[in-house]
Amino acid sequence: MGALLFIPLVPALAWLTWAALRHAVPLSYNWRSLWQRRTATLSTALAIAVVVAIFVVVLSLSQGLSRAFVTSGRSDQALVLRANARVELNSSLERDQARIIKGDPRLVHDAWGPLASAECYVVVMLDRADGSGAANVALRGLEPAGVRMRSQVRLIRGRWFNPGLPELVVPARLAGRFQGLDLGRTLAFNGRRWTVVGTFEAQGSAFDSELWTDVDQVMQSRKRDAYSSMLVRLAAPDRITGFTRAMDADKRLKLETRREVDYYADQTEAGKPIQYLGNLITVILTLGAIFAAMNTMYSAVAGRTAEIGTLRALGFRRVEILASFQWEALMLCGLGGVAGAVLALGFNGIQTSTVNFQTFSDVSFAFNVTPGLMAQGVAFSILMGLAGGFLPAWRASRIPVTEAMKS
Amino acid sequence: MRFLHLILRSLLRSRRRTLLTILSLAVSVFLVAVLQGILGTLDGFAHNPDASSRVAVRHKTSLANLLPLRYEDWIRQQPEVDAVIAMQWFGGVYQDPRNFFANFAVEPEFLTRIFKEEIGTYSESGFRTFVKDRNACVVGQALADKYGWKVGTVVPLKGTIFPINPRLTVRGIYHSKRNADEMALYFHYKLLEEGVPRMKGKVGAFWVRVRNPNDVPRLIERIDHQYRDALEPTLSETENAFQLEFLKMLGDYATMIHTITAAVLFAILIVTASTMAMTVRERTTEIAVLRAMGFRGGQVLGLLMAEGVLLAALGGLLGVGLATLAAGFLRHSAGSLIPWLSDFTLPADTLLFCLHATVAVGVLSTFLPAYQAIRRPIVEGLRAL
């Protein structure tokens, strides 16, 4: 959607480039003029830098959040849930059903057996590290195959949990945000003491917000006899349709099969409020910046009436004057845009969190300032330059030569 | 005041510049007002005076764990307690998952007593029918309006958390002060308990109304102490604390909003300062003339400052005015994304803050250029004449 916005930029920029290449007023003239009025130039550029920085930072927030979900799924894996459950937290899957699915010949096998993991997904309340209350954090019980199936996840310290013991492996990212998640510490919940035996890193995916343990431990401690869901791997992404059809046809199972990627893509809904806020802020601030740029450019034009007259007397045409001043506005705003994008880079990687409204649990993610976003920020500043510079440039090109020479 | 005319004249000297500066200020102030309004609205939910006598009791481990229904009897016997009901977030979907609204399974008898403030006005007979009819529900006016429900309409809900799909007849429609309170549906807990085996004798939370708000801390402590060593320990807190926890999970939106506010104010400060610098530079001669006529430096400074402050204040007023006008629109658009925002309002505090901030911007931005102007020797200024 962002890219669509810049389509009108292309012809305008093409025209300007053509105007600059075709002799015309040298760009160094604009550059020097900007330097001449450096206080005005710098303050306007700074204001634009602030606007662009806010734009990039807010978008990097929603980018970071979508990244958490988009990088979670694998295209050759499918998630089996209770029909209508929509999320694992709400789903349940009986042991018999799990056995039937595991016996399906379409599943991929590795040295230890079928790549299928019956899992139990619940939430627990943990105290925040900064003492500001508690939050719901996801606890996922997995079978050993489940750990092997998440290729994003890498153990960085300690070891994996042992099946049959209340042991937790936690994301390194959460360790700083919640109490008691350091290696070797124990936590008490669900009537059991859980020992943290390892920390992992999941490349910013949704698993970076989950505590992992043995599935039977979760079920016993909750006195549950049903799993939440089952994750299965198939030989190729296009085999999922056939597998889904077989699942739907089996009268013993009343389940819903979803591609793992689709399942997580749906959860990016969690980023909607931030995106909405980001768009609101961007539209409003862009308007404000356009007005400010216009102001500066008008003043630049007004202060240079005699110069413009001279240029015209030298033989430069109106169109060329228009292009020249438009270029000056673009330089002014582009300068601000680049500065703003660089400023935003300072936020890259900062950890933050929000709630996934579908599971009411904490999602931790990082500001993700990508080169694409920075380019979008600069493009926005160019848009500001075009919009804010056109009217003043138009005015400059319309000043009658005689009048200009008189002043 | 004698010089008001002069100040206005100076502002109108370059109309386009004044207008552009005011517009630039106005949109920025508009943004600040809206962002601070969002913050204020969210905070309002965690500091709701109507909820001061209500306590939420739930499982200590998480909201998704269930408490035995029998706890209710013990809680009801406590001397401070006025009424208590069992409540379960049902999370049902109406037609499409995007149609999000709160729906709860509750014990109907004391519903209106617990939520006296929220379920404000309603038809007595409608609610009596609701209590008797197990397949009935009551809904808020705003929710009924949104989907065109009337008394007698059958509302099919699809369970997401629970594997049942109840078809509920609307028996009562209530009005409340806040829109968010009207975006809710309540139906019989019994329907849920009978339809879902694992819910037998279990519930997600109890909502307790205490006779005297001062007794709340004592009651909270007593309940949690009573069930401390139970298999299912409880966590009791005021409804406001409960709400705050949810809001906190939204993320550190407060810091984000404050940072953006500060950045925007900084940006308009430089924009205004730049405008005022331009104005002052253009008027070097004029200022010298004024001083040659006998105006003292302080007076000229005052005139220029007044001009800057007036400029900023005009921008601020326009921005605040726009924000007030846009509040209604925001309630609709943002409210569908974040339910809390369907009660978006701009508190007087926020508006005052914005005006103060803009006046401060006016003062700060004008001082330096104006001070420089009056420090310049008169002769130098007159030379340009």
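Just so you know, these numbers come straight off a predicted model, no measurement behind them.

Cut-off values and rules
- Residues numbered from 1 in each chain as written.
- Chains lettered and ligands numbered in written order.
- Predicted model: local features only at pLDDT ≥ 70, side-chain atom pairs only at ≥ 80, totals over all residues.
- Helix = DSSP H or I, 4+ residues; strand = E, 2+ residues; numbered from the N terminus.
- Rg over C-alpha atoms; globule rule 2.2 N^0.38 Å.
- Buried ≥ 20, exposed ≤ 12 C-beta atoms within 10 Å, placed from the backbone.
- Contact = placed C-beta atoms within 7 Å.
- Nonpolar A, V, L, I, M, F, W, Y, C, P; charged D, E, K, R; others polar.
- Axes fitted to C-alpha atoms, helices over the stretch in contact; angles between N-to-C directions.
- Parallel < 35°, antiparallel > 145°, perpendicular 65-115°, else oblique.
- Left-handed = near helix turned anticlockwise from the far one by under 90°.
- Domains from an automatic or database assignment.
- Pairing = 2+ DSSP bridges.

Q: Please give an account of the overall build of chain B that cites residues and values.
A: Of the regular secondary structure elements, chain B holds 15 helices and 11 strands. A globule of 385 residues ought to have a C-alpha radius of gyration of about 21 Å, yet chain B, at 30 Å, is considerably larger. Based on the C-alpha atoms only, the size of chain B along its principal axes is roughly 95 × 45 × 30 Å. Within chain B, the fraction of its 385 residues that count as buried is 46%. Taking the contacts inside chain B whose residues are at least 6 apart along the sequence as the reference set, 80% of them involve residues at least 24 apart.

Q: An account of the overall build of chain A is needed here, citing residue identities and associated values.
A: If you tally the helices and strands in chain A, you get 15 helices and 16 strands. Taking 2.2 N^0.38 as the reference for a compact globule, 407 residues should give roughly 22 Å; the C-alpha atoms of chain A span a radius of gyration of 29 Å, well beyond that estimate. Residues counted as buried form 52% of the 407 residues belonging to chain A. At a minimum sequence separation of 6, the contacts of chain A that also span at least 24 residues come to 84%.

Q: Outline the interface of chain B and chain A, supporting the account with residue identities and numerical values.
A: The parts lose accessible area when they come together, and the size of an interface is often stated as this lost area. Contacts between the two partners involve 41 residues from chain B, matched on the other side by 48 residues from chain A. Counting only elements with at least two residues in the side of chain B that touches chain A, the list comes to helix H2 (15-46), helix H10 (239-249) and helix H11 (253-282) of chain B. Broken down by element, the side of chain B that touches chain A gets its largest block of residues, 11 residues, from H11(B). Broken down by class, the residue content of the side of chain B that touches chain A amounts to 25 nonpolar, 10 polar and 6 charged.

Q: Tell me about the packing of helix H11 (residues 272-303) of chain A against H11(B), and please be specific about residues and values.
A: The geometry of H11(A) relative to H11(B) is characterised by a closest axis approach of 10 Å and an angle of 15° between their N-to-C directions. When the axes of H11(A) and H11(B) are compared, the pair comes out roughly parallel. Crossing handedness for the pair H11(A) and H11(B): left-handed. Here Ile281(A), Ala292(A), Asn295(A), Thr296(A) and Ser299(A) of H11(A) come into contact with H11(B), specifically with Ile260(B), Val271(B), Ser274(B), Thr275(B) and Met278(B). Partitioning the contact of H11(A) with H11(B) into residue classes produces 5 nonpolar, 5 polar and no charged.

Q: Give a detailed account of the domain arrangement of chain A, specifying residues and quantitative values.
A: Residue and element names in this part refer to chain A. Here chain A is described as being made up of domain 1 (2-70 + 270-406) and domain 2 (77-235). For domain 1 versus domain 2, the distance between C-alpha centres works out to 47 Å. Mapped onto the side of domain 1 that touches domain 2, the elements with two or more residues apiece are helix H4 (38-70), strand S15 (351-356) and strand S16 (361-366). Looking at the side of domain 1 that touches domain 2, the element that brings in the most residues is S16, giving 6 residues.

Q: Help me get a handle on the sheet that holds strand S6 (residues 154-156) of chain B, residues and values and all.
A: Sheet strands pair via backbone hydrogen bonds, and the direction of the pair is either parallel or antiparallel. Residue and element names in this part refer to chain B. Spatially, the 9 strands line up as an open sheet ordered S6-S7-S5-S8-S4-S3-S10-S1-S11, and their pairing is mixed. Sheet topology places S6 and strand S11 (234-238) at the edges, where each strand pairs with a single neighbour. Averaged over all pairs of adjacent strands, the angle between their axes in this sheet comes to 35°, without regard to strand direction. Sheet topology places S6 next to strand S7 (residues 167-174); 3 bridges connect them, and they run antiparallel. The residue of S7 that forms the bridge with Pro156 is Arg167. Those strands touched by H10 are strand S1 (54-59) and S11, and its axis lies near 100° from that of S11.

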